[in-house]
Amino acid sequence: MTGTPDLLYSDVEDDLRDSVRALLTDRCSPGSVLARIESDTPYDLGLWRTLAVELGLAGLLVPEKLGGQGASAREAAVVLEELGAAVAPVPFLGSAVLATCALLCCATDIADRTVGRLASGEAVAALAVPLPTAPGAAFPDGVRADQTGTLNGRVTSVADASVADLLVIPAIGPDGPGLYEVAADTPGVRITMPIALDLTRPISDIELDGVPSRLLAGPGTAVAALDHALLTGAGLLASEQLGLAQWCLDETVRYLGERHQFGRVVGSFQALKHRLADLWLETVSARAAARNAADALASGSPGAPVAVAVAQAYGAAAAVRAAEECVQLHGGIGMTWEHPAHLYLKRAKSDEIALGTPGRHRAALARLVGLPPAG
């Protein structure tokens, strides 16, 4: 990695955080999220339109010449911190990060027009790969394309597909791997939503039966475009995990400072102070790893794969630990549906396998730095 990573937040990033946090505080309270996931419309598309159009977040990673904000992974990381802290049910990761990054790498007229639609908030897209797919994984072969671009096959566990207008689908064509674009309402496309652990980010299964498509990228570009999207998504997911962990820590400290037992504030007990101190240290370390990954992605550093692997190997476990401690240290109330702690635990556990498990990223890190395999 060249240069010194900049882990500090800029004034622009702080201003962006303030704007996103203010909107989420007003529109995405824990109570409203709980109510929404119990309904038939778990996604808050009204909130998404405000984030995408009024704040311009859908086009953060899109160059200005294509209608976006021309920002970088650093700004997107700040947004994901706040979305993670609110477990906001919006398709930012699937559309503004994964699908958008894949399309930008295609660099064709069709892809550029689609990117413009996503950046303006006119449309939502989903990258049709299983959410657990890690950077560097083999190109998916669950969908096949014939000479005319007609698609047949099935993809499971796709993030944000249930609210997508467009699907970016990796498929094996006559000449090899390719990326194809399909409108979600095309006859022959069937999207179903299995019951998911994390109800704030539902997953979908997609079946394609003789579906016409438009080719976005052929074998020379498709593999690299998909891997870039997955690498960027994994690196930025660490910031979502950071925001989640920070909320759990802050909420637990607040609760233990108010709760009394045996005539004392619960937070004054030494054993609990030690647990909170350990949790604070893990969260601070996760912040350093997430910021390093975002900075490496933003600067195009050749060390970005290493930074992403470190951030995911550490941050995923830190988020789960923070959520587990939040549930446990809230005592009985933390075990109830009415308290939002379970939302954060479910998101943390879902994120732990999204875009590669910590074990998968540790193995990738070992290869990247030249460590011999275990055993």
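Residues numbered from 1 in each chain as written. Predicted model: local features only at pLDDT ≥ 70, side-chain atom pairs only at ≥ 80, totals over all residues. Heavy atoms only, no water.

Participant: Whenever I open this one, the overall build of the protein confuses me. Can you help?
Facilitator: When you go through the protein residue by residue, the secondary structure sums to eleven helices and ten strands. Over its C-alpha atoms the protein spans a radius of gyration of 21 Å, differing by no more than 12% from the 21 Å that the globule rule assigns to 375 residues. Considered along the principal axes of its C-alpha atoms, the protein spans approximately 75 × 50 × 45 Å. In the protein, 76% of the contacts between residues at least 6 apart in sequence involve partners at least 24 apart. Carbon and sulfur atoms provide 56% of the accessible area of the protein, an area that totals close to 15,600 Å². Looking at the protein, you have 28 positive and 42 negative side-chain charges, and the mean spots of the two groups are 5 Å apart. (Helix = DSSP H or I, 4+ residues; strand = E, 2+ residues; numbered from the N terminus. Rg over C-alpha atoms; globule rule 2.2 N^0.38 Å. Contact = heavy atoms within 4.5 Å. Areas by Shrake-Rupley, 256 points an atom, 1.4 Å probe, with all protein chains shown as cover. Lys, Arg positive; Asp, Glu negative; His and termini not counted. Charge placed at Lys NZ, Arg CZ, Asp CG, Glu CD.)

Participant: It is not clear to me how unusual backbone geometry should be interpreted in this structure. Could you clarify?
Facilitator: Peptide bonds are, in most cases, trans, and in most cases residues other than glycine have a negative phi. Phi angles above zero are rare outside glycine, and V87 is one such case at about 35°. With relative accessibility at 2%, the residue V87 sits in the buried group. (Buried < 20%, exposed > 50% of the residue type's maximum accessible area, 1.4 Å probe, protein only.)

Participant: Would you explain the packing of aromatic side chains in this entry?
Facilitator: Each aromatic ring pair is summarised here by two numbers: the centre-to-centre distance and the angle between the ring planes. According to the stated counting rule, one finds two aromatic pairs in the structure shown. Taking 6.4 Å as the distance between ring centres and 70° as the angle between the ring planes, the aromatic pair formed by W48 and F92 counts as edge-to-face. Here W48 is found in helix α3 (residues 45–54), whereas its partner F92 is found in helix α5 (residues 92–106), with 44 residues between them in sequence. Across the pair, exposure class does not vary: W48 and F92 are buried alike. Taking the centre distance of 3.8 Å and the plane angle of 0° together, the rings of W247 and Y344 count as stacked. Of this pair, W247 sits in helix α7 (residues 219–258) while Y344 sits in helix α10 (residues 341–353), placing them 97 residues apart in sequence. Summarising the burial analysis for this pair, W247 and Y344 share the class buried. R17 extends its terminal NZ or CZ atom over the ring of Y9, reaching a point 4.6 Å from the ring centre. (Phe/Tyr/Trp six-rings, centres within 6.5 Å; stacked < 30°, edge-to-face > 60°. Lys NZ or Arg CZ within 6 Å of the ring centre and 35° of its normal.)

Participant: I tried to follow the environment of I191 on my own but got confused; where do I start?
Facilitator: As for its placement among the helices and strands, I191 is situated in strand β6 (residues 189–192). Spatially, the C-alpha atoms of I191 and A76 are 28 Å apart, while their sequence positions differ by 115 residues. Other than its neighbours up to four places away in sequence, I191 contacts A161, S162, L167, A184, S204, D205 and I206.

Participant: Would you mind going over the pattern of salt bridges with me for this structure?
Facilitator: Counted according to the given criterion, the structure contains 22 salt bridges. For the salt bridge of E81 with R287, the shortest nitrogen-to-oxygen distance reads 3.3 Å. Of this pair, E81 sits in helix α4 (residues 73–85) while R287 sits in helix α8 (residues 270–299); the two residues are 206 residues apart in sequence, bridging distant segments of the chain. What makes E81 buried here is its relative accessible area of 3%. Residue class for R287 comes out partly exposed when judged on its relative accessible area of 23%. Between D205 and R154 there is a salt bridge, and its shortest N-O distance comes to 3.6 Å. Of this pair, D205 sits in strand β7 (residues 203–211) while R154 sits in strand β3 (residues 151–159), and the two are 51 residues apart along the sequence. Under the relative-accessibility criterion, D205 is labelled buried at 12%. For R154, a relative accessible area of 44% gives the class partly exposed. A cluster of three or more residues bridged by salt bridges with shared partners is formed by R17, R21, E81, E82 and R287. (Salt bridge = Lys/Arg side-chain N within 4 Å of Asp/Glu carboxyl O.)

Participant: What is the right way to look at the pairing of β7 in this model?
Facilitator: Bridge count for β3 against β7 is seven bridges, and the pairing is antiparallel. Counted as the bridge partner of A159 is I203 from β7. (Pairing = 2+ DSSP bridges.)

Participant: Help me out: how do you make sense of the packing of α4 against α7 in this one?
Facilitator: What describes two packed helices is the angle between their axes and the distance between those same axes. Put simply, α4 and α7 touch, their axes get as near as 7 Å, and they point 35° apart. Remark: the crossing between α4 and α7 carries right-handed chirality. Residues A73, A76, A77, L80, E81, G84 and A85 of α4 pack against L236, S239, E240, L242, G243, L244 and W247 of α7. (Axes fitted to C-alpha atoms, helices over the stretch in contact; angles between N-to-C directions. Left-handed = near helix turned anticlockwise from the far one by under 90°.)

Participant: Please explain the nonpolar core as it appears in this structure.
Facilitator: Nonpolar side chains tend toward joint burial in soluble globular proteins. One finds W48, L83, F92 and L179 to be the most contacted residues of the largest nonpolar core, which totals 104 residues. Considering every element that reaches this core, the biggest residue donor is α7, with 18 residues. L151, I169, Y180 and A184 belong to the second largest nonpolar core, which has 19 residues in total. (Core = buried A, V, L, I, M, F, W, Y, C linked by side-chain atoms within 4.5 Å.)

Geometric descriptors of this kind do not, in isolation, establish any biological role.
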